[in-house]
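Close look at the chain arrangement
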Amino acid sequence: VTKKRRRRRFSEIEVIETLIHQGIEVPCFRCKVPFTREDVRTKNIQKEHLQELELEGADKPFNCRFSHRDAPCHHTVTNGTPATAAGSSKHRIAKANNATRIDKFVVNKRPLDEPRDRKPKFQTRTRDINAD
Ligand SMILES: [Zn+2]
């Protein structure tokens, strides 16, 4: 009895690992240092969105880059440095939320029989690309 083994689809980090095995250098978008198998092992690779999902950025390749998860790469972009959060994603998202806060006070009653939008309003911006 021969059991047919199905090819499974690789996760993003497995594709990067395969490229590393092929000798292809995939540099971190932030520091330009190529990812290593150690980065793969420690899951120190993360997909980031140039325009944050929370700020209507597309979840498509043209808007995504791979960078180190740890400081000073993607971590700093997301959280800012210990000295300042200015310019970080969290800062920009907070600013955007402030700008639209006034809208939340506008009364916008909709007819009870109007279908409600069931799409989730918020998505997590970054996921560990090796989550399984
Ligand atoms: Zn880096």
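Below is a summary of the structure that appears in this document. (Residues numbered from 1 in each chain as written. Predicted model: local features only at pLDDT ≥ 70, side-chain atom pairs only at ≥ 80, totals over all residues. Heavy atoms only, no water.)

1. Considerations on the overall build of the chain
Test applied: In this description a helix means any DSSP run of H or I spanning at least four residues, a strand means any run of E spanning at least two, and both kinds are numbered starting from the N terminus. Relative accessibility under 20% of the residue-type maximum defines a buried residue, over 50% an exposed one, and the middle range a partly exposed one, all with a 1.4 Å probe and only protein chains included. Here, two residues are considered to be in contact whenever any of their heavy atoms come within 4.5 Å of each other. All accessibility values rest on the Shrake-Rupley procedure with a 1.4 Å probe; residue burial counts only the protein chains present in the view.
Of regular secondary structure, the chain possesses 4 helices and 2 strands. From first element to last, N terminus to C terminus, the chain shows the α and β order α-α-β-β-α-α. When burial is assessed residue by residue, the chain has 25% of its 132 residues classed as buried. In the chain, the proportion of contacts linking residues at least 24 apart, taken out of those at least 6 apart, comes to 51%. Per element, the accessible surface of the chain, about 10800 Å² overall, is 53% carbon and sulfur.

2. Side note on the coordination of the zinc ion
Selection criterion: The donor set covers N, O and S atoms within 2.8 Å of the metal, switching to 3.2 Å for Na, K and Ca, and it leaves out water, so a site may look short of donors. Four donors are marked tetrahedral only if all angles between them lie between 85 and 135 degrees, whereas four are marked square planar and six octahedral if opposite donors are more than 155 degrees apart and the other angles lie between 65 and 115; the remainder are marked irregular.
At the metal site, the zinc ion is ligated by Cys 28 (SG), Cys 31 (SG), His 68 (ND1) and Cys 73 (SG), and these contacts range over 2.0 to 2.3 Å. Here the zinc ion binds 4 donor atoms, and the angle range of 102 to 118° at the metal identifies the geometry as tetrahedral.

3. A closer look at the packing of aromatic side chains
What counts, and what does not: Aromatic contacts are taken between Phe, Tyr and Trp rings whose centres are within 6.5 Å, Trp giving its six-membered ring; a plane angle under 30 degrees counts as stacked, one over 60 as edge-to-face, and the others as tilted. Either the NZ atom of lysine or the CZ atom of arginine qualifies as a charge over a ring when it sits within 6 Å of the ring centre and within 35 degrees of the ring normal.
Enumeration over the complete set of coordinates arrives at 0 aromatic pairs. In this arrangement the basic side chain of Arg 65 is found over the ring face of Phe 29, its NZ or CZ atom lying 5.8 Å from the centre.

4. Here's the deal with the pattern of salt bridges
For clarity, the threshold we go by: Throughout this description, the term salt bridge denotes a Lys or Arg side-chain nitrogen within 4 Å of a carboxyl oxygen of Asp or Glu.
Scanning all chains against the criterion turns up 5 salt bridges. Two residues, Lys 47 and Glu 12, come together in a salt bridge whose shortest N-O distance is 3.0 Å. Taken together, the positions of Lys 47 in strand β1 (residues 45-49) and Glu 12 in helix α1 (residues 12-21) put the pair 35 residues apart, joining distant regions of the chain. A salt bridge links Glu 38 to Arg 41, with the nearest nitrogen and oxygen atoms 2.8 Å apart.

5. Considerations on the pairing of β1
The side chains of a regular strand alternate, first on one face of the sheet and then on the other. The criterion, for reference: Pairs of strands are assigned from DSSP output, requiring at least two bridges between the strands.
Burial within β1 is extensive, with 5 of its 5 residues counted as buried. Here β1 shows two buried faces, one formed by Ile 45, Lys 47 and His 49 and the other by Gln 46 and Glu 48. Pairing geometry for β1 and strand β2 (residues 64-68), over 5 bridges, is antiparallel. Counterpart to Lys 47 in the pairing with β2 is Phe 66.

6. Description of the nonpolar core
Side chains that are nonpolar tend, in soluble globular proteins, to be buried together. In plain terms, the rule: Here the nonpolar core consists of buried residues drawn from Ala, Val, Leu, Ile, Met, Phe, Trp, Tyr and Cys, with membership extended through side-chain atoms lying within 4.5 Å.
With 9 residues, the main nonpolar core is built from Ile 13, Ile 16, Ile 20, Val 26, Cys 28, Phe 35, Val 40, Ile 45 and Cys 73. In terms of residues, this core owes the most to one element, α1, which gives 3 residues. Sequence-distant contacts of Val 40, that is, excluding residues within four places in its chain, are made with Ile 13, Glu 17, Ile 20 and Ile 45.

7. Details of α1
What counts, and what does not: This arc corresponds to the set of directions leading from the helix axis out to the C-beta atoms.
Buried within α1 are the following residues: Ile 13, Ile 16 and Ile 20. Along the long axis of α1, the arc covered by the buried residues comes to 60°, so they all point the same way. In the core, the buried residues of α1 are packed alongside α2 (37-41), β1 and β2. One or two residues past the end of α1 sits Gly 23, with phi positive at roughly 85°.

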